[in-house]
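# Descriptive analysis of the structure
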Amino acid sequence: MDGSKAGPLKEVSPGLDASNEEEYASQSKLLQEFNTISSIDKAWTFNSGKGIGTQAMFSISQPNLLANKRRKFMLSTVISKENKNSVTFQWAPFPVEITGASTVVPSPSGSKLLVIRNPENESPTQFEIWSQSQLEKEFHVPETVHGSVYADGWFEGISWNSDETLIAYVAEEPSPSKPIFCPGNKKGGSLDKDCNSWKGQGDWEEDWGETYAGKRQPSLFVINTNSGEVQAVKGILKSLSVGQVVWAPSNEGPHQYLVFVGWSAETRKLGMKYCYNRPCALYAASVSLYESESNQHELKDSSLEDFPVVNLTQSISSAFFPCFSPDGKFLVFLSAKSSVDSGAHSATDSLHRIDWPTNGKVPSSEKVVDVIPVVQCAEDDCFPGLYSSIILSNPWLSDGCTMILSSIWGSNQVIISVNVLSGELSRISPAESNFSWSVLTLDGDNVVAVSSSPVDIPQIKYGYLIDKSNKDAWSWLNISSPIIKCSEKVKSLLSSLQFSIMKIPVKDVSANLTKGAQKPFEAIFVSSNRKEDGSCDPLIVVLHGGPHSVSLSSFSKSLAFLSSIGFSLLIVNYRGSLGFGEEALQSLPGKVGSQDVNDVLTAIDHVIDLGLANPSKITVLGGSHGGFLTTHLIGQAPDKFVAAATRNPVCNLALMVGTTDIPDWCYVEAYGSKGKNSFTASPSVEDLALFHSKSPISHVSKVKTPTMFLLGVQDLRVPVSNGLQYARALKEKGVTTKIIVFPNDVHGIDRPQSDFESYLNIGLWFKKYCK
C-alpha cells in the first residue's frame, strides 16, 4: 500500500554520521521497511438493515517519506457473523486514498459522509456531502464566515443531528480586519486606488500554544446540509474557547440544543496540547429552527436572549468528551479534575454522569454523579484508576447504559466496560495479556479492537460476550486484515525478539512516602530471544516525556527498528507515570531531577543484576521530560552511559520558564502542587535559583557522554534555545556533541522525514559507541 517506494534513501550530505556507507544504506533500507507499516486511526460500523452483516469503514494512515506527509486511506469491509464463535471480514479489494481532506465524518445512519477540506491561504473551507454513489452537495464557506475547521482531536467537534439535516462543528473565528498602509497620496480623503499598499499585522492575539500557533479562537458553527447556510452559535462569551460539540437528543420543539466544552481564558492562554490541567466545563446552547415548506429543519436567526448558554458542570473543575446515552436520559463525560486541582499536566481521570431533562427545555446546572472516581492507590493487580484519552462517538452496548472504553492499566492499555448507572467496571480485554489493546468501534454488542506489543505489529481483534450473565467472560477472535502488513525481513526480525514487563521495587523507601508511591514501578524489557551464549546486546534506556505520560506495551515502529538492529530496550515507567494510581503519580512533582532519576538508575541496576545488560554498553534516549532525564542522567551518573540521544530536551527550567507556552509546568514540577498557585510570568530570583538547581544544566560540568540533540525550531513547549544552550555548554567542555535541527518541526518532531532522519541517526550514533 506504499506508493512512495523509490529504493533506499542514500546519503547526499556529508553531515550524517555513519560508520561506513554499507551500514548506513542497510539501516536506511530497514527503517524504510518499518516505515511502510500502516496505522489504523479510526473505524466506524453501520448496520445496513439488509441482512448482509455489518458494514465497516477503517481510516488508515501511512508515512509518505518523499512527500513528507501522511497518506490517508479508507478501506471498507462487511462483517458477517456465521455463528457465535466465527466471524468473517470481507474486505474491499483496495483502499481508497483520501487526498486534501482535513477530516471525514460519517452520518449516524452511515448513508452520508462529510468530507471537510480546510483552506490554504485565504481560500474558502470546503464541505462535501457524499452519498454511497456520488458527491451530493458541495459548499464553500468563505473566510469572512470562519477560518479552518478544527480537526486536531482536542478542540475538534463535528456532530450530525439525528435527522442528518444539520452539522455542528468547531472552526476558527473569522479573521479580524487588518490595517491597510498606503504611502501614496490621498485624494478627497480616500486612498488612491492606484497607490502601492499592503495589509499590516494588527494586534497580536494569544493562541493555545504548541501546535496551535497562528490559529484563531475556536468557535461554534452550524451548517445546513441541504442549503449550505452557516450560522455562528450565538450567546457564547468571547473569552470562551469551545470544542467537542455534540447534539443533544432531539425534541419536538422549535429549539435543538448543543452541548460543548468550553475553556475560559480571561487573561493568558496557556499551552493546551497534552495539558489536561486547563479548567473546562460543559455548556448547553440552543439553536433555533423552523420547518420549511419541504418539512426540513432550517436555521432561524435568533439572538438567544431567551435561551442563554448554560454551564452544566459548575460543581466540578474539569469536564470534557460529552456523550449522551442512547435513550437521551443522561449525559456522561470525562473529567481531569485531579489534574486541574493539583496542577499536574495529566493525572488520573474520573467519569461522571448528569441527568438530561426529557421535557425539551434547556437544563439548568445539574447534579454531577461520580461513576468512576479517582483511584488514589489500587491493590495489587486491581483497577488502578481511569486513564482514557477519548470516548467513541458511540460507545454503548445494547443495554443503553454500558460503555466500552480504552484505559491505561500499568504499562498496558486495556479495554474496559463500565455500567454508568451502577458504576460496575470490568476489564474485558484478556487479563493474562501483556499486549496493549484499544477499542476501535462497536458492532452491536461486539467489539472491534486492535492489539499489539513491542514485538508484534497491530492485529485486529473481534470480541464478544460468551455469557451475558458474566460481564467478564469475553472471547476474542483474530481477524485477518490487509491493513497492517510488514515485509518478510521485518517479520523475521520481530520473531527473534521477546518482551516482558518488570516490576521494580522502589529503592530507599522513606516514611513520608504515600502507600502508592512505595509500590514497585514498571519497565518494559525488549531483547533477543536467540542468545545462547549468555551474552547481552547493548542496552538503550528509553524514557518517556511528560513526566505524567506512560510508555505502553504497544508496537512502535521506531523502537522496533532499534530493537531489530541489535539493541535491548529498557523502557522505564518511573513513578509519576500514568496508569499506576494518583498517589504514585503525585509523588513526583517537586522531586523532578531526583526521584525520577533514581528510579531510572534503579531500573538499570535491576537488569544488570539479572544479567540482562552489559554495564559497559548502556545508552539512553528520551524526549521532552525524557530528555530532561537523559541529560540529568549523563550529569549525575557520568560513567554509566557510553552514548545519549535526546529530542527537544528540557535542560534548563530557569531558561524555559520565560519562553515556554506552559510556564506553570515549571512551577508545579519544581515546587510540587503548591507551585500551581505561585505561578507567575515574572519569576523571582529565588524561583530561578530553584529552577536551575532542579535542571540538568546544574550538572553539566560532570558530563562526559557523547550526546546527540534533535531539535525542532518551531517547538513552543520546550523552545529550541533550551537544547542549544546545553549542547553548546557540552561543546565548550569538549564533550562529543552532534546537533540536528529541524526548521519546520514542533515539539513532537513527527513529520515523516524528520522522524526518519531522527531514528536513523540515533541508531547509527548508538552503534558507533557500542562497538
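Residues numbered from 1 in each chain as written. Predicted model: local features only at pLDDT ≥ 70, side-chain atom pairs only at ≥ 80, totals over all residues. Heavy atoms only, no water.

Per an unreviewed UniProt entry, the protein goes by Acylamino-acid-releasing enzyme like and derives from Melia azedarach.

### Looking at the overall build of the protein
If you tally the helices and strands in the protein, you get 14 helices and 41 strands. Taken over the C-alpha trace, the protein has a radius of gyration of 27 Å; the compact-globule value for 771 residues is 28 Å, and the two agree within 12%. Referenced to the eigenvectors of the C-alpha coordinate spread, the extents of the protein come out at roughly 80 × 80 × 60 Å. Burial status across the protein gives 57% buried among its 771 residues. Put simply, of all contacts in the protein between residues at least 6 apart along the chain, 63% involve residues at least 24 apart. Carbon and sulfur atoms make up 49% of the accessible area of the protein, which totals about 32300 Å². (Helix = DSSP H or I, 4+ residues; strand = E, 2+ residues; numbered from the N terminus. Rg over C-alpha atoms; globule rule 2.2 N^0.38 Å. Buried < 20%, exposed > 50% of the residue type's maximum accessible area, 1.4 Å probe, protein only. Contact = heavy atoms within 4.5 Å. Areas by Shrake-Rupley, 256 points an atom, 1.4 Å probe, with all protein chains shown as cover.)

### A closer look at the sheet that holds strand S17 (residues 230-232)
Across a sheet, strands are paired by hydrogen bonds formed along the backbone, either parallel or antiparallel in direction. On the basis of which strands lie adjacent, the open sheet formed by 4 strands has the order S10-S11-S16-S17 and antiparallel pairing. Because the sheet does not close on itself, it has two edges, and the strands there are strand S10 (158-160) and S17. If you compare each strand with its neighbour and ignore which way they point, the axes differ by 25° on average. Direction of pairing for S10 relative to strand S11 (residues 166-172): antiparallel, over a ladder of 3 bridges. Along S11, the bridge assignment pairs Ile-158 with Tyr-169. (Pairing = 2+ DSSP bridges. Axes fitted to C-alpha atoms, helices over the stretch in contact; angles between N-to-C directions.)

### Focus on the sheet that holds strand S26 (residues 369-372)
Taken in spatial order, the 4 strands line up as S23-S24-S25-S26 in an open sheet, and their pairing is antiparallel. The open sheet has two edge strands with one neighbour each: strand S23 (320-324) and S26. Neighbour to neighbour, the strand axes of the sheet diverge by 30° on average, direction disregarded. Pairing analysis gives 6 bridges linking strand S24 (residues 330-335) to strand S25 (residues 350-355), with the strands arranged antiparallel. Looking at the pairing, Phe-330 lines up with Asp-355 of S25.

### Description of the nonpolar core
Residues Leu-258, Leu-312, Leu-351, Trp-356 and Val-420 are the most contacted members of the largest nonpolar core, which totals 66 residues. Not counting residues within four places of it along the chain, the set of residues in contact with Val-420 comprises Phe-330, Val-332, Leu-351, Arg-353, Val-371, Trp-396, Cys-401 and Met-403. Ranked by size, the runner-up nonpolar core spans 63 residues in total, among them Ile-460, Ile-479, Phe-561 and Tyr-759. (Core = buried A, V, L, I, M, F, W, Y, C linked by side-chain atoms within 4.5 Å.)

### Some details on the pattern of salt bridges
Pairing is possible between side chains of opposite charge, provided their charged atoms come close. Enumeration according to the criterion identifies 21 salt bridges in this entry. Salt-bridge contacts for Asp-443 lead to Lys-81; the nearest nitrogen and oxygen are separated by 3.0 Å. Linking Asp-443 in strand S30 (residues 436-443) with Lys-81 in strand S3 (residues 69-83), this pair joins segments that are 362 residues apart in sequence. By relative accessible area, which is 43% here, Lys-81 ends up partly exposed. Residue Lys-515 is joined to Glu-379 by a salt bridge in which the shortest nitrogen-to-oxygen separation is 3.3 Å. You can see Lys-515 sitting in helix H4 (residues 515-518) and its partner Glu-379 sitting in the loop between S26 and strand S27 (402-409), a full 136 residues away along the chain. A relative accessible area of 49% places Lys-515 in the partly exposed class. Residue Glu-379 is classed as partly exposed on the basis of its relative accessible area, which comes to 48%. Because the salt bridges share partners, they merge into one network encompassing Glu-143, Glu-172, Lys-215 and Arg-216. (Salt bridge = Lys/Arg side-chain N within 4 Å of Asp/Glu carboxyl O.)

### Topic: the packing of helix H1 (residues 21-35) against helix H3 (residues 488-495)
In the contact formed by H1 and H3, the axes pass within 9 Å of each other and the chain directions differ by 90°. In this view, H1 runs roughly perpendicular relative to H3, as classed from their interaxial angle. Of H3, the residues touching H1 (which contributes Leu-30, Glu-33 and Phe-34) are Lys-489, Val-490, Leu-493 and Leu-494. Classifying every residue of the contact of H1 with H3 gives 5 nonpolar, no polar and 2 charged. (Parallel < 35°, antiparallel > 145°, perpendicular 65-115°, else oblique. Nonpolar A, V, L, I, M, F, W, Y, C, P; charged D, E, K, R; others polar.)

### So, the environment of Gly-209
Along the polypeptide, Gly-209 turns up in the loop between strand S15 (198-199) and strand S16 (218-224). Owing to a relative accessible area of 4%, Gly-209 belongs among the buried residues under this scheme. Measuring from C-alpha to C-alpha, the distance between Gly-209 and Arg-427 comes to 36 Å, with 218 residues separating the pair along the chain. The residues touching Gly-209, leaving out its near neighbours within four places in the chain, are Gly-271, Asp-661 and Leu-716.

### Topic: the environment of Lys-199
Of note, Lys-199 is situated in strand S15. If sequence neighbours within four positions are ignored, Lys-199 has contacts with Lys-178, Pro-179 and Ile-180.

### A look at the packing of H1 against helix H5 (residues 557-564)
At their nearest, the axes of H1 and H5 sit 9 Å apart, and the two run at 140° to each other. Crossing of H1 against H5: the hand is right-handed. Contact residues: Gln-27, Leu-30, Leu-31, Phe-34 and Asn-35 in H1; Lys-557, Ala-560, Phe-561 and Ser-564 in H5. Taken together, the residues of the contact of H1 with H5 sort by class into 5 nonpolar, 3 polar and 1 charged. (Left-handed = near helix turned anticlockwise from the far one by under 90°.)

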